[in-house]
Amino acid sequence: MTGGWPMVDGRWRISDRAAFRSTRAASLRDASRRGLSLLEVVIALAIFLTATTIIGQLISTGSQAAIGAQLKSEAARRCESVMAEAISGAVPLETTGPMPYEDDPLWSWRLTVSDGPLADLLQVEARVSRQTQASQAPSEFTLIRWIRDPELWTQSTVSSDSSGGSP
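Parameters at a glance
- Residues numbered from 1 in each chain as written.
- Predicted model: local features only at pLDDT ≥ 70, side-chain atom pairs only at ≥ 80, totals over all residues.
- Heavy atoms only, no water.
- Salt bridge = Lys/Arg side-chain N within 4 Å of Asp/Glu carboxyl O.
- Helix = DSSP H or I, 4+ residues; strand = E, 2+ residues; numbered from the N terminus.
- Buried < 20%, exposed > 50% of the residue type's maximum accessible area, 1.4 Å probe, protein only.
- Pairing = 2+ DSSP bridges.
- Contact = heavy atoms within 4.5 Å.
- Axes fitted to C-alpha atoms, helices over the stretch in contact; angles between N-to-C directions.
- Phe/Tyr/Trp six-rings, centres within 6.5 Å; stacked < 30°, edge-to-face > 60°.
- Lys NZ or Arg CZ within 6 Å of the ring centre and 35° of its normal.

Some words on the pattern of salt bridges
Logical step 1: Counted under the stated rule, the structure contains 5 salt bridges.
Logical step 2: Salt-bridge contacts for R78 lead to E74; the nearest nitrogen and oxygen are separated by 3.1 Å. Placement of the pair is R78 and E74 together in helix α2 (residues 38-88), with a separation of 4 residues, close to one helical turn.
Logical step 3: One salt bridge connects R127 with E125, and the closest N-O pair in it is separated by 3.0 Å.
Logical step 4: The class of R127 is partly exposed, set by a relative accessible area of 30%.
Logical step 5: Residues participating in the shared-partner salt-bridge network are E74, R77, R78 and D103.

Okay, here's the thing in structure tokens:
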């Protein structure tokens with residue numbers, strides 16, 4: 001045996017050479033695979049950053065939709081309140097320009113009164129809007145109702161009471 005390698009008649013034994021090559025190749029392969037390559041790290045990082053960006057966009061879109069729904073709901077509530085005040089007489093039943101709310105000046109309301117489809121009907125339109133930032137969609141809600149003209153109704157009840165006489 002010379003140099004620690006098995007030899008027979010001055011030659012290497014074939015089975016030992018093949019075994020040596022396969023074990024040496026396996027050990028070299030194992031040594032080169034102990035860590036991750038730079039390419040694998042870059043690909044994993046790209047996948048992670050892409051997923052993080054997509055999730056961030058989904059969260060942003062969802063929060064904007066939630067804020068929009070909340071503003072739309074508040075606009076509807078405020079519009080119903082204006083309409084109820086107009087019908088009850090708390091607010092004059094006449095066309096008005098944009099009037100800011102006292103509790104939140106970003107919100108404003110407008111009342112439009114016009115003739116309805118019949119002689120004794122009025123079309124009352126209440127519109128509520130909110131000043132928004134450039135990144136938000138405008139929040140606006142409109143409610144239209146037809147009501148009897150209160151002046152004609154009052155005149156008809158007064159004239160029927162005076163002409164009916166009392167027993």
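Quick look at the sheet that holds strand β6 (residues 139-148)
Logical step 1: Spatially, 4 strands are ordered β3-β4-β5-β6 in an open sheet, and the strand pairing comes out antiparallel. Two strands in the sheet have a free side with no partner beyond their single neighbour: β3 (99-100) and β6.
Logical step 2: Relative to strand β4 (residues 107-115), β3 is paired through 2 bridges, and the arrangement is antiparallel. Bridge pairing in β4 links M99 to W109.
Logical step 3: Relative to the sheet, α2 contacts β4, β5 (121-130) and β6, its axis offset from that of β6 by approximately 25°.

Observations concerning the packing of aromatic side chains
Logical step 1: Inspection of the entire model under this criterion finds 0 aromatic pairs.
Logical step 2: Between R78 and the ring centre of Y101, over which it is positioned, the NZ or CZ distance is 4.6 Å.

Function-wise, these values are silent; they only describe arrangement.
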